[in-house]
Amino acid sequence: MPQIDGERLLGDLAALRGIGASGPGVVRPAFGARDMEARHWLADRFEAAGLEASIDGVGNVVGRSRNSGPALLIGSHSDTQPTGGWLDGALGVIYGLEVARALAEDAGSRDLAVDAVSWQDEESRFLGCLGSRSFCGLLTAEIEQGISDGDGVALADAIAEAGLEGVARLGLEEGRYLGFLEAHIEQGPQLEDDGKLIGIVDTIVGLRGIDMTFEGQQNHAGTTMMAGRKDAATALFEFAHRVNEEFPKAMAERTVWTMGRAVLEPGAVSIVPGRAELSLQFRDVSTAVLDGFEEIVDGLVADINAKGKATATARRSRTPIAPTEMDPGLRAHLMRAAETHAAGKWVEMPSGAFHDAGIVSGVLPSAMLFIPSIGGISHDFAEDSHGTDIVLGCQVLADAAASMLASARP
Ligand SMILES: [Zn+2]
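If you're wondering where the values come from, they're calculated on a predicted model, not measured in any experiment. (Residues numbered from 1 in each chain as written. Predicted model: local features only at pLDDT ≥ 70, side-chain atom pairs only at ≥ 80, totals over all residues. Heavy atoms only, no water.)

What to know about the layout of surface pockets
Space left empty within the atom packing is revealed by a probe, the size of a water molecule, rolled over the atoms. Our working definition: Space inside and on the surface of the protein is sampled on a 1 Å grid over the protein atoms alone, with a cavity defined as a set of points where a 1.4 Å probe fits but cannot get out and a pocket as an open set with protein on both sides within 12 Å along at least 5 of 7 lines; lining residues have an atom within 4 Å of a point. Grid points are joined across faces, edges and corners, and a volume is the space filled by probe spheres set on the points. A run of DSSP states H or I qualifies as a helix once it reaches four residues; a run of E qualifies as a strand once it reaches two. Both are numbered from the N-terminal end. Gly falls in the polar group here, along with every residue not listed as nonpolar (Ala, Val, Leu, Ile, Met, Phe, Trp, Tyr, Cys, Pro) or charged (Asp, Glu, Lys, Arg).
In this model, the second largest pocket occupies a volume close to 200 Å³. Met226, Arg229, Asp231, Thr234, Ala235, Glu238, Ile304, Lys307, Lys309 and Ala310 together form the lining of the second largest pocket. Ranked by residues supplied to the lining of the second largest pocket, first place goes to helix α8 (residues 232-250) with three residues. Counted by class, the lining of the second largest pocket contains four nonpolar, one polar and five charged residues.

Remarks on the coordination of the zinc ion
Threshold: Distances decide who is a donor: an N, O or S atom must be within 2.8 Å of the metal, or within 3.2 Å for Na, K and Ca. Water is not included, so sites may look incomplete. Residue burial is assigned from relative accessible area. The probe radius is 1.4 Å, only protein chains are included, and a residue is buried under 20% of its type maximum, exposed over 50%, and partly exposed in between.
Donor atoms from the polypeptide that bind the zinc ion are His77 (NE2), Asp88 (OD) and His184 (NE2), placed at 2.0 to 2.2 Å. The sequence pattern formed by the donor residues of the zinc ion is H-x10-D-x95-H. One end of the pair, Asp88, is in the loop between β5 (71-77) and α3 (90-105); the other, His184, is in strand β7 (residues 177-185), and 96 residues separate them in sequence. The same class applies to Asp88 and to His184, which are both buried.

A look at the packing of helix α2 (residues 33-48) against α3
The criterion, for reference: Axis lines are fitted to C-alpha atoms, over the contacting stretch for helices. Their N-to-C directions set the angle, which ranges from 0 to 180 degrees. The labels follow the angle: roughly parallel below 35 degrees, roughly antiparallel above 145, roughly perpendicular from 65 to 115, and oblique for the rest. By definition, any crossing whose near helix is turned counterclockwise from its far helix by less than a right angle is left-handed, and any crossing with a clockwise turn is right-handed. The contact definition used throughout considers only heavy atoms, calling two residues in contact when any of these lie within 4.5 Å.
The geometry of α2 relative to α3 is characterised by a closest axis approach of 10 Å and an angle of 15° between their N-to-C directions. Taken together, the axis directions place α2 and α3 in an arrangement best described as roughly parallel. Handedness of the α2/α3 crossing: left-handed. Residue-level contacts link Trp41, Leu42, Arg45 and Phe46 of α2 to Val93, Ile94, Leu97 and Arg101 of α3. Residue composition of the contact of α2 with α3, grouped by class: six nonpolar, no polar and two charged.

Looking at the packing of helix α1 (residues 6-17) against α2
Following both chains from N to C, one finds α1 and α2 inclined at 155°, their axes separated by 10 Å at the closest point. Taken together, α1 and α2 sit at an angle that is classed as roughly antiparallel. Taken as a pair, α1 and α2 cross one another with a handedness that is right-handed. On the side of α1, the interface is formed by Asp12, Ala15 and Leu16, while α2 contributes Ala38, Trp41 and Arg45.

In structure tokens form, the structure reads like this:
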């Protein structure tokens, strides 16, 4: 079986951490100078590992094996949140590189093909999972045209600034891939709390968002009697309170919901608010639970509107993300490898966060492996994992990749 080199793995992770380092964290948003520097560094590392490296027109870095397929595509993303942790994405990218090296160094697996990848903009500076969407043929010119970041920078300008204007974009090569593997830090506390070392993702949770609007009548806070008010904020507060009363009755084990944004207009102490907005988001592994929540929202809207005060309107805020099951065949290989290296210390679990594997699974069999996050902290400079856990996870991935590819040998 191939042996990964733990020191080499940790050394490359440390080197990548140094590009855009900010204290213990990393600042490397997609297409920025540091992000592109990291992508060129990765391309060099892929070449040094014997892979054929290229950076495509949206910034995806792919290191292609010179062996013929069937191949595995292994990786994650190297862009970060505006204030990101050092392992979110980076871990899975360097795992792809190390697995490719380990298989190439072992006589029993050196004919197998592993392509390493770092997708672009998983963290949504412009569009979440932009790079994997492009690779999967989901980024149409129409979608792309309207995209800009929070500061109003157009995607096309960022692409040009990064030197990628007119550069060819990679797409799925028909027949080459057996599947896609993505390793990632858990970004939650479950593995650590349960004393487990490896998580094998069964489902990536689905997500739906609803934008609520409440329209009332703006008026004087002293002269407008309570009975006559059409207070948009009161409607919003009632709606939010009832969400927190009704959703628990329909929730499942992994259901979460968040009301992360509220706006009252005009937002003055002595004015009865005439308009209010509330963003509601909910996630679960089950479509039925998500459907149930939408029905509850419809009922609450009807209740509020029946009172004849402020008018409530619910609008889906984004394209819903369906819960995505990971490929059972690939998962079986991961489970066997996990049992070999961490007997009794691995678990099947859902992913509460979205990942590129959720996009790629639409076109390729895909699977994900998690390692523990210390304290469950992520999207923060304090994000960290134990070195021994990082090394173990990569060995499990390497064994699983070798057995997947060996069993598919022509
Ligand atoms: Zn990530």
